[in-house]
Amino acid sequence: MLLNCSKIPASKWTRAQLDMAQTMYSQVQDMAFPSIDPLTTSTQIAELAQAYAQQIALQKPQAVHVMGDPIFVYVLVRLLQGQGITCIASATRPNGRSYDFIQFRPYPTIGHVG
């Protein structure tokens, strides 16, 4: 199962993105991405990411699609990778006023960039 932790629920993904997710992971489940106020501190974001990482680990996903606030994403991905959970992002290409989905791209693990 792919757990989608992003601001865009899977029901609003393009057909290509949903088809690829279902081919790779058989099913997609949404987890609401938190609303993060710009005044939230990095420490508060880290605490929130820790809580999310615990909730995610209990669901035992094959992978987690993580996209949103950059600090939250950074901390959450690091925490999940530390638990051996694969994290991916959507790679898209601009197409006028929308974007075409191209592929899912895994976040590199620290020390394994490139």
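Refer to the structure presented above.
> What should I look at first to understand the pairing of strand β4 (residues 86-95) in this one?
If a strand is regular, its side chains alternate between the two faces of the sheet. Relative to β4, strand β3 (residues 63-67) runs parallel, the two sharing 3 bridges. Across the sheet, residue A63 finds its bridge partner in β4, namely T86. In this view, the connection linking β3 to its parallel neighbour β4 by way of helix α3 (residues 70-82) has right-handed handedness. Pairing of β4 with strand β5 (residues 98-106) involves 8 bridges; the strand directions are antiparallel. Within β5, the residue paired with T92 across the bridge is F101.

> Even after reading the chapter, I still don't get helix α1 (residues 15-25), so can you show me in this structure?
Where α1 is concerned, the buried positions are Q17, L18, A21 and Y25. Seen along its axis, α1 keeps its buried residues to an arc of 95 degrees; they face one direction. Opposite its buried face, α1 presents the exposed residues R15 and T23, each directed more than 90 degrees away. Check the buried side of α1 and you find it contacts β1 (2-6), β2 (28-30), β3, β4 and β5.

> Would you mind going over the packing of helix α2 (residues 42-59) against α3 with me for this structure?
Helix-helix packing is described using two parameters, namely the angle between the two axes and the distance between the axes. The interhelical angle for the contact between α2 and α3, taken along N-to-C directions, is 45 degrees, at an axis separation of 9 Å. Relative to α3, the element α2 is oriented oblique. In this structure, the crossing between α2 and α3 has a hand that is right-handed. From α2, S42, I45, A46, L48, A49, Q50, Y52, A53 and I56 reach across to α3, where they touch I71, F72, V75, L76, L79 and L80.

> What is the right way to look at the environment of Y74 in this model?
Looking at where Y74 falls in the secondary structure, it is placed in helix α3. Using a relative accessible area of 47% as the deciding quantity, one classes Y74 as partly exposed. Sequence separation between Y74 and A32 is 42 residues, and the spatial gap between their C-alpha atoms is 17 Å.

About the cut-offs
Residues numbered from 1 in each chain as written. Predicted model: local features only at pLDDT ≥ 70, side-chain atom pairs only at ≥ 80, totals over all residues. Heavy atoms only, no water. Pairing = 2+ DSSP bridges. Helix = DSSP H or I, 4+ residues; strand = E, 2+ residues; numbered from the N terminus. Right-handed = clockwise from strand over helix to strand, strands pointing away. Buried < 20%, exposed > 50% of the residue type's maximum accessible area, 1.4 Å probe, protein only. Arc of directions from axis to C-beta. Contact = heavy atoms within 4.5 Å. Axes fitted to C-alpha atoms, helices over the stretch in contact; angles between N-to-C directions. Parallel < 35°, antiparallel > 145°, perpendicular 65-115°, else oblique. Left-handed = near helix turned anticlockwise from the far one by under 90°.

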